[in-house]
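Coordinate inspection notes
Spelled out from the first residue to the last, the chains are:
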Number of protein chains: 2
Amino acid sequence: MRFSRRVTIRQVATRAGVSEAAVSYALNGRSGVSEMTRAKVLAAARELGWAPNLAARSLGLSRANAIGLVLVRPPRVLIVDSYLTQMLSGVEAELNRNGMSLLLHLVDEVDDTVDVYRRWFAGRHVDGVIVTDVRPQDPRIDALVELGLPAAVIGGHTGPDTISSVDADAAGTAARVADYLRALGHRSFARVAGVAELLHTRQRDAAFAAAVDRAGLDRHRVLHTNYSAVDGMRAMLDLMSGADPPTAVVFDNDVMAAAALKVVHDLGRSVPGDVSVIAWDDSDLCQITVPAITAVEQTPAHQAELTARALLRTLHTGDVSHITLPPGTLHVRESTRPLRPRHP
Amino acid sequence: MRFSRRVTIRQVATRAGVSEAAVSYALNGRSGVSEMTRAKVLAAARELGWAPNLAARSLGLSRANAIGLVLVRPPRVLIVDSYLTQMLSGVEAELNRNGMSLLLHLVDEVDDTVDVYRRWFAGRHVDGVIVTDVRPQDPRIDALVELGLPAAVIGGHTGPDTISSVDADAAGTAARVADYLRALGHRSFARVAGVAELLHTRQRDAAFAAAVDRAGLDRHRVLHTNYSAVDGMRAMLDLMSGADPPTAVVFDNDVMAAAALKVVHDLGRSVPGDVSVIAWDDSDLCQITVPAITAVEQTPAHQAELTARALLRTLHTGDVSHITLPPGTLHVRESTRPLRPRHP
């Protein structure tokens, strides 16, 4: 864990060559300073690694006693995916212990999120926000820094050290999956991945590319999807009807893996007889399918809970932390088996 | 739709024999009046059918621009059930159109909800609340009336006319399911129901009892559960290992029906060969199982959206509405078939 340096408004003012009041206005996102002044202040604040002094901010002002979460409607929400339920459950578990609520808002586009942050900040509706489904060069991260609104990210981020994060160990988990398939005799596998634009997916893409190299497997095919059952079925049909169908397929969620079982069944083939299937993440769903699905348990509820805890710590002490979880646990069930040579 | 009468603070004060200020304090849940005065005011307000004048309340005070939802952790949240996702999605769709957020809080016991309502009300964190998973004689309904906090209920409720509701047509839907099974030649069916304490479940219990009578089916067995996959499997195992296993089973959600397929498979029997399975509600899950599950589409997202809309109308105009949705649509898939006589 790293800790934020304490930089004062005065230091930022000196560096920017403006008054402390101007710094305060600029960093709090209020009108009353020119865009030029605001730009100078933000540049100085970034250079100094400024983080809002939250104790001072809440002094004399009623705390909202709420944390904000803005979800971008695609890709996560309208699908039958246990991720959202688990994530909310984890966040709420931590907030509940602290008597706090979650302020939830859905938007259609990631850029709309920034407007919500500004409104929440202006109305003091939240004490901080949790960010999920981060993109590379995510505009929300810059906006949060500019507002001085405390934040923590579920997953990794490419932003400044003033925002906490709790990240999965994509590299460690991908290595575990690749090694397992290698041990079963598979020489390659295909991957049905999540949304290409998410940092989360890019981390997994890179992690699997490295793991495949390390395990000495052949180059693998990756199909990106929107996480839905329909996309999962389409991808599996594509893979299985090709000239050289894979002997194993790794899916980026539980729903797509379960839906893929139906495609294989409808093609008159068998899981795991003709193709092995692995889901990452695990859920109850993986245990009620026939066959039950071998899956990586990633504990998104735990990750979300730790993220909320990191944010509350920032609120109370100003500390910022970056945590990487241990690799996911592989639960071997019925959907994977040693490779049977195609031409014995 | 029925409309609330407009009762003024002055009328309540006259009826209770106290000052208008005392009425305001009592109805707003603030300290500064004796318990005796508060009781008198609340009694007078109830007798007169008082509903808070929301326009007046928000005058001079910043609107929270948020609606509250307190979820009681059992039974809905920690299970892989698409209901929560769909419900949140429907509420958010309506709030989103109005630039409002959802303030979400989880509690362990239904009674804890009232404390959250009081805190939200005192801090003006929400403009109104949506209530779900209502119990008969629900303490939350009384508390909302006492606080004068605008509310709408997803599902039916047994409380006063000052709270809107959007209810499913349990009777119409149960009749549809019973008639369908009767047409397939089934003489009876078992039901794996939800949480016995919920009004929702009691409505379905009563609806099915009436539908069975009306369709001339034999008395049916009902097992109550907590909606989880594990409870669904346990119930199905119980039913199928008995002396007289049912020829058809109706489940109160998608997850339990899907989990039951695995139990039948593991017993070496077949759906629909040996037993037909119906899920109420429908979801993507019902379409990716083998066999795909015949299911009632109840549109909880739409119900939640209409509930949010009713609440926003109350906030803007004071109008209260009670809507009953049309019966659910039965999607016939692969998990049901005409009864094959056991002793041909």
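Residues numbered from 1 in each chain as written. Chains lettered and ligands numbered in written order. Predicted model: local features only at pLDDT ≥ 70, side-chain atom pairs only at ≥ 80, totals over all residues. Heavy atoms only, no water.

Looking at the overall build of chain A
Counting its regular elements, chain A contains 14 helices and 12 strands. Within the span of chain A, comprising 344 residues, buried residues form 59% of the whole. Restricting to contacts in chain A with at least 6 residues of sequence separation, those with at least 24 account for 73%. Accessible surface for chain A amounts to roughly 13,700 Å². Of this, 52% is attributable to carbon and sulfur atoms. (Helix = DSSP H or I, 4+ residues; strand = E, 2+ residues; numbered from the N terminus. Buried < 20%, exposed > 50% of the residue type's maximum accessible area, 1.4 Å probe, protein only. Contact = heavy atoms within 4.5 Å. Areas by Shrake-Rupley, 256 points an atom, 1.4 Å probe, with all protein chains shown as cover.)

Looking at the sheet that holds strand E10 (residues 294–297) of chain A
Residue and element names in this part refer to chain A. Ordered in space as E7-E6-E8-E9-E10-E12, the 6 strands form an open sheet in which the pairing is mixed. Unpaired on one side and paired on the other, strand E7 (222–224) and strand E12 (329–331) mark the two borders of the sheet. Sheet twist, expressed as the average angle between the axes of neighbouring strands with direction ignored, equals 20 degrees. Note that strand E8 (residues 248–251) and strand E9 (residues 276–280) share 4 bridges and pair parallel. What sits directly across from Phe 251, in E9, is Ala 279. Contacts between helix H9 (residues 170–183) and the sheet are confined to E8, E9, E10 and E12, with E9 contributing the most and set at about 165 degrees to the helix. (Pairing = 2+ DSSP bridges. Axes fitted to C-alpha atoms, helices over the stretch in contact; angles between N-to-C directions.)

Digging into the sheet that holds strand E6 (residues 190–193) of chain B
All names here are of chain B. Read across the sheet, 6 strands follow the order E7-E6-E8-E9-E10-E12 without closing on themselves; strand pairing throughout is mixed. Two strands bound the open sheet, and with one partner strand each, they are strand E7 (222–224) and strand E12 (329–331). Looking at each pair of strands side by side, their axes are set apart by 20 degrees on average, direction ignored. As judged from the 3 bridges shared by strand E9 (residues 276–280) and strand E10 (residues 294–297), these two strands associate in the parallel manner. Paired with Trp 280 across the two strands is Val 296, which belongs to E10. Sitting on the sheet, helix H10 (residues 199–215) is in contact with E6, E7, strand E8 (248–251) and E9, with an inclination near 170 degrees to E6. Running over the sheet, helix H12 (residues 254–266) touches E6, E8 and E9 and is turned about 160 degrees from E9.

Describing the relation of the copies chain B and chain A
Rotating chain B by 180 degrees about the axis while translating it 0.0 Å along that axis superimposes it on chain A, leaving an RMSD of 0.4 Å. Such a turn and shift between the copies fits a two-fold axis. Ranked by how close their C-alpha atoms come to the rotation axis, the residues of chain B are headed by Leu 103 of chain B, at 2.2 Å. Interface overlap between copies: 100% of the residues of chain B at the interface are likewise at the interface in chain A, consistent with a symmetric, same-surface contact. (Least-squares fit on C-alpha atoms with pLDDT ≥ 70 in both.)

Notes on helix H1 (residues 9–16) of chain B
Residue and element names in this part refer to chain B. Residues Val 12, Ala 13 and Ala 16 constitute the buried set of H1. Seen end-on, H1 carries its buried residues on one side only, within an arc spanning 100 degrees. Relative to its buried face, H1 has exposed residues pointing more than 90 degrees away, namely Arg 10 and Thr 14. Looking one or two residues beyond H1, the residue adopting positive phi is Gly 17, at roughly 70 degrees. (Arc of directions from axis to C-beta.)

Digging into the pairing of strand E2 (residues 101–107) of chain A
Residue and element names in this part refer to chain A. Extensive coverage of E2 is indicated by the burial of 7 of its 7 residues. Pairing of strand E1 (residues 66–72) with E2, which is carried by 7 bridges, proceeds in the parallel orientation. Bridge pairing in E2 places Val 72 opposite Val 107.

Here we look at the interface of chain B and chain A
Quite often, the size of an interface is put as the accessible area lost when its parts meet. Taken residue by residue, the interface counts 44 residues in chain B and 44 residues in chain A. Surface buried jointly by chain B and chain A totals about 3,300 Å² across both partners, of which 58% is contributed by carbon and sulfur atoms. Our enumeration of links across chain B and chain A arrives at 2 salt bridges. As a salt-bridge pair, Lys 262 of chain B and Glu 334 of chain A come within 3.9 Å of each other at their nearest N and O atoms. Where chain B packs against chain A, one counts 17 residue pairs in polar contact (both at pLDDT 80 or more). A per-element tally of the side of chain B that touches chain A places helix H6 (residues 82–97) of chain B first, with 8 residues. Inspection of the sheet shows E2 of chain A paired to strand E2 (residues 101–107) of chain B by 3 bridges, in the antiparallel sense. (Buried area = accessible area lost by both parts, 1.4 Å probe. Salt bridge = Lys/Arg side-chain N within 4 Å of Asp/Glu carboxyl O. Polar contact = N/O pair within 3.5 Å; in protein donor to acceptor, adjacent residues only side chain to side chain.)

Structural notes on the pattern of salt bridges
Under the counting rule described, the total for this entry stands at 30 salt bridges over all chains. Between Glu 305 of chain A and Arg 97 of chain A there is a salt bridge whose closest N-O contact spans 2.4 Å. Residue Glu 305 of chain A is located in helix H14 (residues 300–317), and its partner Arg 97 of chain A is located in helix H6 (residues 82–97); the two are separated by 208 residues in the primary sequence. Of the residues examined, Glu 305 of chain A reaches a relative accessible area of 17% and is grouped as buried. Arg 234 of chain B is paired through a salt bridge with Asp 231 of chain B; the nearest N and O atoms lie 2.9 Å apart. Residue Arg 234 of chain B and its partner Asp 231 of chain B are both found in helix H11 (residues 229–241); the two are separated by 3 residues, about one turn of the helix.

Side note on the packing of aromatic side chains
Residues and elements named next belong to chain A. For the structure shown, the criterion picks out 4 aromatic pairs over all chains. Aromatic side chains Phe 208 and Trp 280 sit 5.7 Å apart centroid to centroid with 70 degrees between the ring planes, which places their arrangement in the edge-to-face category. Residue Phe 208 is found in helix H10 (residues 199–215), and its partner Trp 280 is found in strand E9; the two are separated by 72 residues along the sequence. A relative accessible area of 0% places Phe 208 in the buried class. Judged by its relative accessible area of 1%, Trp 280 is buried. One aromatic cluster in this structure is built from Phe 189, Phe 208 and Trp 280. Above the plane of the ring of Trp 280 lies Arg 204, whose end atom (NZ or CZ) is 3.7 Å from the centre. (Phe/Tyr/Trp six-rings, centres within 6.5 Å; stacked < 30°, edge-to-face > 60°. Lys NZ or Arg CZ within 6 Å of the ring centre and 35° of its normal.)

Overview of the nonpolar core
In this structure, Met 236 and Phe 251 of chain A together with Met 236 and Phe 251 of chain B are the most contacted members of the largest nonpolar core, which totals 62 residues. Residues contacting Phe 251 of chain A, with those up to four places away along its chain left out, are Val 192, Gly 232, Met 236, Met 256, Ala 257, Ala 260, Val 277, Ile 278, Ala 279 and Trp 280 of chain A. Grouped together as the second largest cluster of nonpolar side chains are 45 residues, Val 126, Ile 141 and Ala 151 of chain A together with Val 131 of chain B included. (Core = buried A, V, L, I, M, F, W, Y, C linked by side-chain atoms within 4.5 Å.)

As for helix H8 (residues 139–147) of chain B
Residues and elements named next belong to chain B. Taken together, the buried positions of H8 are occupied by Arg 140, Ile 141, Ala 143, Leu 144 and Leu 147. Viewed along the axis of H8, the buried residues span an arc of 165 degrees, placing them on a single side of the element. One or two positions beyond H8, positive phi appears at Gly 148, with a value near 75 degrees.

Structural notes on a negative patch on the surface
A cluster of acidic residues, Glu 109, Asp 111, Asp 112 and Asp 115 of chain A, forms a negative patch on the protein surface. In this structure, Asp 111 of chain A sits in the loop between E2 and helix H7 (112–123). (Patch = residues over 30% accessible without salt bridge, like charges linked within 9 Å, V, L, I, M, F, W, Y side chains within 5 Å. Lys, Arg positive; Asp, Glu negative; His and termini not counted. Charge placed at Lys NZ, Arg CZ, Asp CG, Glu CD.)

Quick notes on the confidence of the model for chain A
Residue and element names in this part refer to chain A. Looking at chain A as a whole, the pLDDT averages 86, with 88% of positions reaching at least 70. Predicted confidence for residues 1–5 stays below pLDDT 50, and this span has 15 contacts to residues more than four positions away or in other chains. Of the regions scoring below 50 in pLDDT, residues 53–61 engages in 10 contacts with residues more than four places distant in sequence or in other chains. (pLDDT = per-residue confidence, 0-100.)

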